[in-house]
Amino acid sequence: MKVSVELQEPNSYMSLWMIIAVALVLLIIAAQIVFRVLFKGRLRKPKKPKIKKVPPKTLQEIKSKYLGVLYNIEMSSRSGQLTVRESYQRLSGCIRDFVFEATGIPVDKYSLSEIKKLRMPSLTRLVSEYYEPEFARETYSDIFSSIFKTRKVLETWR
């Protein structure tokens, strides 16, 4: 029996798929290069936070406000209304809120590693000191020493 359809050799149509595959790989590589060139600066360099400069009179008002908050934390700690852990949590919130109001940098949302990148040594020292007692179930830290250090940082902030 004679058939009018002739079968093609497998090699005759395999080269088309190979060409398509190579073209797709080259297209993907080209797209990678274009995106890396276009977004190079955005991906590598983190934005530096803009530090706002507040007038000295306003800074004094901010300091007074947070020294009052610090005094309330100290009195609540002394009277036993706050546990050591709660006191450290409020202390951390106090200094972070102060720095936010004084500089405009939202350190209240920053982790310790992000705060270290800001290069504010006094803030980094305080937040580092607060971390263990703030998150531990039990601690033997001296809250009143930490309050004293925080008060000193608030008073000398420029």
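For the structure, check the block above.
Residues numbered from 1 in each chain as written. Predicted model: local features only at pLDDT ≥ 70, side-chain atom pairs only at ≥ 80, totals over all residues. Heavy atoms only, no water.

**Considering the packing of aromatic side chains**
Here the structure, examined in full by the defined rule, presents four aromatic pairs. An angle of 75° between the planes, with centres 5.9 Å apart, marks the rings of tyrosine 66 and phenylalanine 98 as edge-to-face. Taken as a pair, tyrosine 66 in helix 3 (residues 56-79) and phenylalanine 98 in helix 4 (residues 84-103) lie far apart in primary sequence, 32 residues in all. The same class applies to tyrosine 66 and to phenylalanine 98, which are both buried. Between tyrosine 131 and phenylalanine 135, the aromatic rings sit 5.3 Å apart at their centres with planes inclined by 75°, giving edge-to-face as the arrangement. (Phe/Tyr/Trp six-rings, centres within 6.5 Å; stacked < 30°, edge-to-face > 60°. Helix = DSSP H or I, 4+ residues; strand = E, 2+ residues; numbered from the N terminus. Buried < 20%, exposed > 50% of the residue type's maximum accessible area, 1.4 Å probe, protein only.)

**Remarks on the packing of helix 3 against helix 4**
Where helix 3 meets helix 4, the axes come as close as 10 Å, and the angle between the chain directions of the two elements is 175°. As judged from the angle between their axes, helix 3 and helix 4 are roughly antiparallel. Only Ser87, Arg90, Leu91, Cys94, Asp97, Phe98, Glu101 and Ala102 of helix 4 make contact with helix 3, whose side of the interface consists of Leu59, Ile62, Lys63, Lys65, Tyr66, Val69, Leu70, Ile73 and Ser77. Of the residues in the contact of helix 3 with helix 4, the class split is 10 nonpolar, two polar and five charged. (Axes fitted to C-alpha atoms, helices over the stretch in contact; angles between N-to-C directions. Parallel < 35°, antiparallel > 145°, perpendicular 65-115°, else oblique. Contact = heavy atoms within 4.5 Å. Nonpolar A, V, L, I, M, F, W, Y, C, P; charged D, E, K, R; others polar.)

**Focus: helix 7 (residues 143-156)**
Compared with the 20 Å implied by 1.5 Å per residue over 14 residues, the 20 Å span of helix 7 between its first and last C-alpha is a close match. Among the residues of helix 7, those classed as buried are Ile143, Ser146, Ile147, Thr150, Val153 and Leu154. All buried residues of helix 7 project into a common sector of 125° when viewed along the axis, lining one side. The exposed set on the far side of helix 7, more than 90 degrees from its buried face, consists of Phe148, Lys152 and Thr156. (Expected span 1.5 Å × (residues − 1). Arc of directions from axis to C-beta.)

**Observations regarding the side chain of glutamate 134**
Along the chain, the position of glutamate 134 falls in helix 6 (residues 121-135). In contact with glutamate 134, not counting residues within four places along its chain, are Arg85, Tyr88, Gln89 and Ser92.

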